[in-house]
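Architecture and fold: a report
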Amino acid sequence: MTNLNSALPPLTEQITLLRWLRKNLFGSWYDALLTVLGLWIAYWAVKGFLTWAFTAAKWDVIILNLRLIMIGQYPLEQTGRLWLWLAFLVLLSGSSTGIWARESKYAAVVFLLPGLLALLPFSTEPRVWLVALTAIGLAGWVIGRAKPEILKRGVIAGWVISLPVIILLTHGFSESGTGFWAVAKTTLWGGLLLTFLLTVVAILFSFPLGVLLALGRRSELPIVRWFSVAYIELVRGVPLITILFMAQLMLPLFLPEGLTIDRVLRAMVGITLFSAAYLAENVRGGLQAIPRGQFEAAHALGLNSAQTMVFIILPQALRLIIPILAGQFIAVFKDTALVAIVGLFDLVGIGKTVLAQPDFIGLQREVYAFISLIYWVLSYGMSHLSQRLEERLGVGKR
Amino acid sequence: MNQSAETIISVQNVHKWYGDYHALKGVSMEVKKREVIVIFGPSGSGKSTFIRTINRLEEHQRGKIVVDGIELSHDIRNIEQVRMETGMVFQQFNLFPHLTVMQNITLAPIQVRKWPKQKAEEIAMQLLERVGIPEQAHKYPGQLSGGQQQRVAIARSLAMQPKIMLFDEPTSALDPEMIKEVLDVMIELAKSGMTMLVVTHEMGFARAVADRMFFFDQGQIVESGTPEDIFRNPKEERTELFLSQILSH
Ligand SMILES: Nc1ncnc2c1ncn2[C@@H]1O[C@H](COP(=O)(O)OP(=O)(O)OP(=O)(O)O)[C@@H](O)[C@H]1O
Ligand SMILES: [Mg+2]
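Residues numbered from 1 in each chain as written. Chains lettered and ligands numbered in written order. Predicted model: local features only at pLDDT ≥ 70, side-chain atom pairs only at ≥ 80, totals over all residues. Heavy atoms only, no water.

1. Notes on the overall build of chain A
When helices and strands are tallied, chain A shows 17 helices and zero strands. Across the 398 residues in chain A, those meeting the buried criterion constitute 40%. For chain A, the proportion of contacts with a sequence separation of at least 24, taken over those separated by at least 6, is 73%. Carbon and sulfur atoms form 72% of the exposed surface of chain A, whose accessible area is close to 22900 Å². Taking the 31 positively charged and 20 negatively charged side chains of chain A as two groups, their mean positions are separated by 7 Å. (Helix = DSSP H or I, 4+ residues; strand = E, 2+ residues; numbered from the N terminus. Buried < 20%, exposed > 50% of the residue type's maximum accessible area, 1.4 Å probe, protein only. Contact = heavy atoms within 4.5 Å. Areas by Shrake-Rupley, 256 points an atom, 1.4 Å probe, with all protein chains shown as cover. Lys, Arg positive; Asp, Glu negative; His and termini not counted. Charge placed at Lys NZ, Arg CZ, Asp CG, Glu CD.)

2. Looking at the sheet that holds strand β1 (residues 7-18) of chain B
Residue and element names in this part refer to chain B. Strand order in the open sheet made by the four strands is β2-β1-β4-β5, with antiparallel pairing throughout. A strand with exactly one partner marks an edge of an open sheet, and here the two such strands are β2 (21-32) and β5 (70-71). Of the strand pairs in this sheet, β1 and strand β4 (residues 62-67) are connected by five bridges, and their pairing is antiparallel. The residue of β4 that forms the bridge with His 15 is Arg 62. Where helix α2 (residues 47-54) meets the sheet, it contacts β1, β2 and β4, and its direction lies at approximately 55° from that of β2. (Pairing = 2+ DSSP bridges. Axes fitted to C-alpha atoms, helices over the stretch in contact; angles between N-to-C directions.)

3. Quick word on the site of ligand 1
Residue and element names in this part refer to chain B. Taken together, Tyr 18, Tyr 21, Ala 23, Pro 42, Ser 43, Gly 44, Ser 45, Gly 46, Lys 47, Ser 48, Thr 49 and Glu 169 form the complete shell of residues around ligand 1. Between Ser 45 and ligand 1, the recorded distance is 3.2 Å, taken from a backbone N or O atom to an oxygen atom. The side chain of Ser 48 places a nitrogen or oxygen atom 2.6 Å from an oxygen atom of ligand 1. Notes on ligand 1: free accessible area 630 Å², of which the protein chains cover 62%. Of all the secondary-structure elements, those providing two or more residues to the shell around ligand 1 are β2 and α2. If one sorts the elements of the shell around ligand 1 by residue count, α2 sits on top with three residues. (Near = heavy atom within 4 Å. Polar contact = N/O pair within 3.5 Å; in protein donor to acceptor, adjacent residues only side chain to side chain.)

4. Things to note about the domain arrangement of chain A
All names here are of chain A. Each assigned domain of chain A is listed with its residue range as follows: domain 1 (23-56), domain 2 (57-74 + 186-398) and domain 3 (76-182). Taken together, the four residues of domain 1 in the interface contact six residues of domain 2. Taken over both partners, the interface formed by domain 1 and domain 2 buries close to 410 Å², and the fraction arising from carbon and sulfur atoms is 55%. For domain 1, the biggest contributors to the area lost against domain 2 are Trp 52, Ala 53 and Ala 56; these three give 92% of the whole. Summed over the shared surface of domain 1 and domain 2, the result is zero salt bridges. (Domains from an automatic or database assignment. Buried area = accessible area lost by both parts, 1.4 Å probe. Salt bridge = Lys/Arg side-chain N within 4 Å of Asp/Glu carboxyl O.)

5. Section: the environment of A:Lys152
Within the element layout of this structure, A:Lys152 appears in helix α8 (residues 148-171). Spatially, the C-alpha atom of A:Lys152 lies 9.0 Å from that of A:Trp100, the residues being 52 residues apart in sequence.

6. Thoughts on α2(B)
Given 3.6 residues per helical turn, the α-helix brings residues three or four places apart onto the same face. Within α2(B), seven of the eight residues are buried, which leaves it mostly tucked inside the rest of the structure. For α2(B), the set of buried residues is B:Lys47, B:Thr49, B:Phe50, B:Ile51, B:Arg52, B:Thr53 and B:Ile54.

This is the structure in structure tokens:
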């Protein structure tokens, strides 16, 4: 009985809690009704899901196919290369957190995540790597905090070369066909690995392209302006899936005999071109929000148009649209799922192949619930990151 | 001869239209080195338009403007040249909100004049001391008062070491108690020998440092003369009426 007492909050807090409940949830009779109704619906939904998840669901399908879901048919012999670039990314993230988010002491908690994942039923090798990732992330964080000024340049350089490093390691370069450095054909890339690569490439390339198109749309040169407008309106007028189909099916018709472009590359190009058109419009919105006085002050100081854009206008415009950009990048991430329809094995595509195996027929719920969870965790991560960025860059504004 | 050698701004019969609206109707003005010119007149008379044609923030359609021996035309190199030699201070300050005070001041010297960062920062510090706010160097514009922001804007223009300074109603967006701190900086600048064109209705400033005053109305210069002439015996009725209006409060 004493236990129960000590578990209750002190009296004053109880009162404020009651007050809060009253004010926010039971302010009037319809508030009360909505609260009760909402709780009831939430209860049934959660109860139904949890009952299924813990009693009926056959999670074996995930455990047995985890490797497939993560990296598709990527050759076992070369998987170490993926861990290598993952470790590189974690190192960069760790030191970046240490350098640029010094004041948030708990930021390093994220790097415990891989270590926690190691508790799941993996085989030995991934477990070792996951624990190593946590160690690397924390080490990077500690070093970054200790020597921010010295490391800054190196870390930025690291981020700049990170995409080429990732692609090179994933692809490999030895033509011999076997061994650790052998080329891993893109047809074997799949699962989260493929989704990740499609997303990163599309975001990194559509961003500059979108900014250029936005600037082009405001250009004083008619040809540049017309081209930008035509491109943006054309691409925004069609669904992504048609662009992907065109890239996969129609592009080969235009290419000279014998020249084939990799299917994964074609998907990357398609998504990039699609996303750039939307980005251009968002960036244009940001540009329009910058007062004329900023251009005038910059010009009056002797800055030319390019310098004015780079140093004065774009930094302000892009900062204004961070939430919109984050939303769009999350949309790109999820839109990559459409490549499953044109026959690539991204998260969704690989999900379909898993379900096509005779052993796992009828387990759609388990597979798609798990895939959704992956999408959600990563989307939420991006959203969270953008909010931190927004707070950080908000310094001194206004 | 000697006189023309000293001329730094020459404006001859300049016309400017906004669409159909005739904003400047044949304005001419010769400004000599080290002169301080005050421009005043009713709202909409074309004062801003005029002063902004001098660094080509507005394009004139007829007439001729020569600044420091460079004629303003469509040639972008001439325009950039003139802008390097002229500083401009705006009514709304127009500081860059995403940059610190120090970065606001050093950006153009580093990017346009190609000075090394260290030299630019040294000069910026000297200028901040000159305008009386060295302790604000690492704040953002949004953290400063209006008067402080306008003084930063002046320092930012001066950092390019211009030969001419243009001011478009630099104190009209300020609270009364901050006007003086900005005017003091401008008076000091005038006394140091800077060539200045100032659109303002601060007649105390005009009396203290103006060499000549120009009264604008309806896109034209109605009257010009020394402050003595203008205040004691204005020739035009419109000038007299306008002065009596602004001096009465
Ligand atoms: N961008 C523009 N487009 C169209 N008309 C304009 C533009 N800028 C100014 N005008 C017009 O030109 C005239 C002169 O404007 P200007 O800003 O030069 O006046 P001003 O003397 O500076 O007035 P104020 O004391 O209000 O600042 C005004 O009638 C104004 O409406
Ligand atoms: Mg004006």
